[in-house]
Structures are given as structure tokens and as C-alpha cells.
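# Descriptive structure summary
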Amino acid sequence: MRRWGSILQVSRAGHREFAVLILSACSAFAQFGPPTPPPQTVPERPATASGSSVTGSLSIGSSSAQDPFSGSISTEKATDQVITLTIKDAITRGLRANLGALLTEQGISSARAQRWRALQAMLPDVTGRVSESVQQINLAASGIRFPGVPAIIGPFSNFDARAYMTATTGLSQYQGIRSSIEGLRAAQFSYQNALELVVFSVSNAYLEVLTSAANVVNAQAQVQTAQALVNQAEQMHQAGVSAKIDALRATVELQARKQDLIVAKNNLDKSRIALARTIGLSLEQRYELADTLQFVPAPSITQDEAIHRARQERFDYRQAQAQVRAAEASQRAANFERFPSLSFNGNYGDLGISPGTSHGTFVAAGGIQFPIFEEGRIRGDIDQAKSELKQSKDRLSDLEGRIDAEIRTAFLDLNAASDQVQVADATVKLAQEELSEARERFAAGVTDNLEVVQAQGSLVSAENRYVSSLYIHNLANLSLARSLGEARQNAASSLGGK
């Protein structure tokens, strides 16, 4: 019996790690950005919460301090009231306060700044200057000596107010602007994809709390059942119907069930802390979940339809496409560096001895610049641009295959999890019937309570497997919504949220 609990704990931990790895891969890709990537802010994602299965020993959860999607910025102070959180409320809070989204958002500002720099390359550079000076010149010191010309000239004043303009334009600068615009689009798609990851992370944390709460309810029911068996065994022993070993055996089983309850409550508290950290809720704030763990049927969509929809909706796929377009524009810009560019220099101002005696003057000059001894630099820029374009195309191709694999895996998990839920539900009913039959046989004196203890252990294992299968099925629903790029729209409904 205890062995089944340990096996179940390992099984559930494996499924949670699998979900975490899905989020890690997606969040890492969300930070790519070809000529102007947003900052690398999404490291690998460790486990979000401790195991939620009822086991006989405490499990120490690993720290998630390095994962921004498990952290948040909390600005609300805790109150004395107990707030009620629906899955939609949790998602709304997570979108507003989750650290992963806040950090990724800064990538848009960085990409927008580089777009302004690219635009400035084609805009004229205009500056102004106002000056007034007083000079006295010693001509003799410069070797200038002519009859009738004084050796010292001045002092005299000079006033100049002038505006200067320089401009250079060419095909290379134009393609650089196009590349920066696509880079900005990629950063915006990256932020939208980060919001999808926030929704997945919050929903998964919410699901873990629901699962842990369900395990606590099961553990409490198991303690009550074990207590009833102890009372029954003691009464029969006092009546001389059964041996004392039956009462002792029932008491040992009760202690084991109490230990499971302690572990279940501890896992629930840890999962509640993880959820609060994910959505930016103060750890001192008391809250209750409005939703319950339940079976939600998978959406009615075929696998081919899901793949087609994912390539239309997923922001990371659209981000990768924008990165390819940006890299293509960068390569064209590098090729156009061999072409001549147009330049203009000019100034206009007011020049004179004083502002009252000044007169307007100007200079205007235009030209064509030809690169002559810059072939090495140009070839280096072209080779680098080709390399970046190749990398962007390879990432896009890999993402296409990854989307296909993720959706196929999600469908497999959904089908298998749905069958597991049905089998686990049937197993619980059979285990309940077995326990009832064993208690009747023990009360009738047909056998000792060893059969009762074994039947209770079978019921414990069956109930834990049922909760675990519900968790796996709901997680598969979430994974499919994430794979379709529709986590923000469908995550709440995937868990049957209110």
C-alpha cells in the first residue's frame, strides 16, 4: 500500500516536470530576436510546486528563483479578508504582475529604440549654433609687414547665428529601416508569446493547488475511515469476537493515514505559495479557490485542424517569421553597401560684426559617395548577414516541426489521460465495494481485519490515482491550448473555470 503511494508520487512528479519542460522550451524561444533581440530573460523553468500526491513522506520542492514565470512583482498589501480566486481572476492577476511578462515587455522598448536609430540614419541631421567673438590680430607676429598696414588690427567683433544640415541616403539605409521594423514586430510577438506562457504557468499553478486540495479531502476521508475501522476492531475485541492484533493492525493503519494527511496539507500549503508568487499575490494574503478539480472533455478539433490553426495563431511562430524577414532585409542592406549613396551638406546663417550689421550667408553642397577601399568590411557584413538569415530560417523550420510534434503529443496525452480517468474512476468504485465487503466479512467474524486493511490500502491507491489522472488530463488540455497559441482564450475553460 505504501509502495503504491511512492510510485504514484514519482509518476506525478514526472508529469509535472514534463509540463515544466514544455514551458521552458517555449519561454526560451520567446526571447529570440534577430537583428534586435529582446533581452534574454527567460531561463530554463524548474518545478513550480511540490508534489501533490498523498504519500508517506514529505517532499522538498526545488527552488524556482531562476524562473521569471514563477515570480512576480507584488504591489498589493495583504488584508484581513479571505479573497476568492477563480481561474480567470488568477490569470488576470498573473498577466498584470508576472515577472516573465514584465521582463519580456522591455524587449519591445529595446527594439523600438533600434528602430529610431535606423530611421535617424536617413533623416537629415540639423544642428544650430550662435556665437559672438572679439578678436585682435598681430600681423607682425605672423610675418605680415606692408607699408601703410598697421601691425595690430582690432579689436573687432564677429557675430554668427547659423543652422547646419547634413544628410546621407541610400538603399542600404532603407533596408536597415525595414529590418528594424521587422525586429520591432518580432519583439511585439515575443511579448504576446510571453503572455501565453504566463497564462500557462498561472493555470498550471492553479491546477496544482486544486489537485493538492483534492488530495487533502481524500486524505481526510481516509483518516475518518481508518478511525471507524479502529473503533470497530476495538469493539469486537472488547466483545471477545476478534483478537487484539486486529485492533493494533487497524491503529497502525490509522497512523499511516494521519501521516498521509500531514503530507497532503503540507503539499497544499506549498502549492498555494507557488500560486501566490506566480500571480503577484502577497504571501500573507489568505485566499480560497472558487473552482474545483473536475474532468473537462477535450475540445472537438482534429489533429490537422489543430496544426493549421497553430501556424496561424501562435505568436512564437509569427515571431520567427518576422525574424526571417528582418534577417532578409539585413542581408539586402549589406549587399547594398557596395552601391553609391547621396549626401548633402549645407548651412545658413546671419554673419556680421554685430547683430545689427549682419547679413545672411549660406553654403549648399551635394555629392555622391562611392565605396572604394571598403570591400573587406562589406564582405564581412554580407557574410554575417547570411549567417544570421540561415540561423533564422533554421529556427523557423525547427519551430514548424516542434509545433507539429507538440500538437501530436498533446493529442496522444489527451486520449491516454481520458482513458486513465475512466479506468481510475472504475477502480475507485471497485475499491470502495471491496472495502465495504471486507468490513462486512470482518464484522461477521468470517475473517480478521487484514482483508479490511488491505482493502483500505487499495482504496487509498485508487483515489490517489484518480486525482492524478484528473491532473494529467487537465494538464494535457492546457498543453493543447498552449500548443494552439490559444492559452489566453481557452485556459480557463480547459480547467472548467467559472
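Below is a summary of the structure that appears in this document. (Residues numbered from 1 in each chain as written. Predicted model: local features only at pLDDT ≥ 70, side-chain atom pairs only at ≥ 80, totals over all residues. Heavy atoms only, no water.)

### Describing the overall build of the chain
Looking only at helices and strands, one finds 10 helices and six strands in the chain. Carbon and sulfur atoms provide 55% of the accessible area of the chain, an area that totals close to 24700 Å². (Helix = DSSP H or I, 4+ residues; strand = E, 2+ residues; numbered from the N terminus. Areas by Shrake-Rupley, 256 points an atom, 1.4 Å probe, with all protein chains shown as cover.)

### Overview of the nonpolar core
Y206, L207, L275, I279, Y287, L289 and L293 are the most contacted members of the largest nonpolar core, which totals 66 residues. Residue assignment for this core shows that the elements contributing at least two residues are α2 (87-97), α3 (99-120), α4 (171-238), α5 (244-279), β4 (287-289), α8 (375-443), α9 (450-484) and α10 (487-494). At 24 residues, α4 tops the list of elements feeding residues into this core. Beyond its immediate chain neighbours, meaning those up to four positions away, Y287 contacts V82, I83, L85, R272, L275, A276 and L281. Counting residues in hydrophobic clusters, the runner-up holds 19 residues, among them A310, A320, I403 and L480. (Core = buried A, V, L, I, M, F, W, Y, C linked by side-chain atoms within 4.5 Å. Buried < 20%, exposed > 50% of the residue type's maximum accessible area, 1.4 Å probe, protein only. Contact = heavy atoms within 4.5 Å.)

### Digging into the pattern of salt bridges
According to the stated counting rule, one finds 22 salt bridges in the structure shown. For the salt bridge of D404 with R408, the shortest nitrogen-to-oxygen distance reads 2.5 Å. You can see D404 and its partner R408 sitting in helix α8, four residues apart, about one turn around the helix. Judged by relative accessible area, R408 falls into the partly exposed class, the value being 39%. Note that D425 is salt-bridged to K429, the shortest N-O span being 3.7 Å. (Salt bridge = Lys/Arg side-chain N within 4 Å of Asp/Glu carboxyl O.)

### Quick word on the packing of aromatic side chains
Scanning the entire structure with this criterion turns up two aromatic pairs. Their ring planes at 35° and their centres at 6.4 Å tell us that F189 and F315 sit as a pair that is tilted. Remark: F315 occurs in helix α7 (residues 315-335) and F189 occurs in helix α4; sequence separation between them is 126 residues. For F189, a relative accessible area of 18% gives the class buried. Measuring from ring centre to ring centre gives 5.2 Å for F336 and F339, while their planes differ by 65°; the resulting arrangement is edge-to-face. According to the relative accessible area criterion, F336 is partly exposed, its value standing at 21%. Judged by relative accessible area, F339 falls into the partly exposed class, the value being 42%. The cationic tip of R115 hangs over the ring face of W116; the distance from NZ or CZ to the ring centre is 5.5 Å. Over the ring of Y287 we find R272; its NZ or CZ atom is 4.2 Å from the centre of that ring. (Phe/Tyr/Trp six-rings, centres within 6.5 Å; stacked < 30°, edge-to-face > 60°. Lys NZ or Arg CZ within 6 Å of the ring centre and 35° of its normal.)

### As for α8
With 69 residues, α8 extends 97 Å from end C-alpha to end C-alpha; this agrees with the ideal 102 Å at 1.5 Å per step. Positioned one or two residues after α8, G445 has a phi angle of 80°, which is positive. (Expected span 1.5 Å × (residues − 1).)

### Some remarks on α10
Taken together, the buried positions of α10 are occupied by A487, A491, A492 and S494. Along the axis of α10, the buried positions cluster into a sector of 160°, meaning they face one direction only. Directly beyond the C-terminal end of α10, a positive phi value near 70° is found at G496. (Arc of directions from axis to C-beta.)

### Quick word on the environment of A455
Checked against the element boundaries, A455 lands in helix α9. Along the sequence, A455 and A438 sit 17 residues apart, while their C-alpha atoms lie 7.0 Å from each other. In contact with A455, not counting residues within four places along its chain, are E434, L435 and A438.

### Observations regarding the packing of α4 against α8
In the contact formed by α4 and α8, the axes pass within 11 Å of each other and the chain directions differ by 15°. Looking at the two axes, α4 sits roughly parallel to α8. Considering the relative orientation of α4 and α8, their crossing is left-handed. Of the residues in α8, those touching α4 at T225, A228, L229, Q232, A233 and M236 are L435, R439, F442 and A443. When its residues are assigned to classes, the contact of α4 with α8 shows seven nonpolar, two polar and one charged. (Axes fitted to C-alpha atoms, helices over the stretch in contact; angles between N-to-C directions. Parallel < 35°, antiparallel > 145°, perpendicular 65-115°, else oblique. Left-handed = near helix turned anticlockwise from the far one by under 90°. Nonpolar A, V, L, I, M, F, W, Y, C, P; charged D, E, K, R; others polar.)

### Concerning the sheet that holds strand β5 (residues 341-352)
On the basis of which strands lie adjacent, the open sheet formed by four strands has the order β2-β3-β5-β6 and antiparallel pairing. If you trace the sheet from one side to the other, it starts and ends with β2 (125-138) and β6 (359-369), each paired once. In this sheet, adjacent strand axes meet at a mean angle of 20° when their direction is disregarded. Here strand β3 (residues 152-169) runs beside β5; their pairing, made up of 11 bridges, is antiparallel. Each residue of the ladder has a partner; that of A167, found in β5, is F344. (Pairing = 2+ DSSP bridges.)

### Notes on the packing of helix α6 (residues 303-313) against α8
At their nearest, the axes of α6 and α8 sit 10 Å apart, and the two run at 140° to each other. Considered as vectors, α6 and α8 are oriented oblique to each other. The two elements α6 and α8 cross, and the hand of that crossing is right-handed. Listed contacts from α8 to Q303, A306, I307, A310 and R311 of α6 are E400, I403, D404, I407, R408 and F411. Counted by class, the contact of α6 with α8 contains six nonpolar, one polar and four charged residues.

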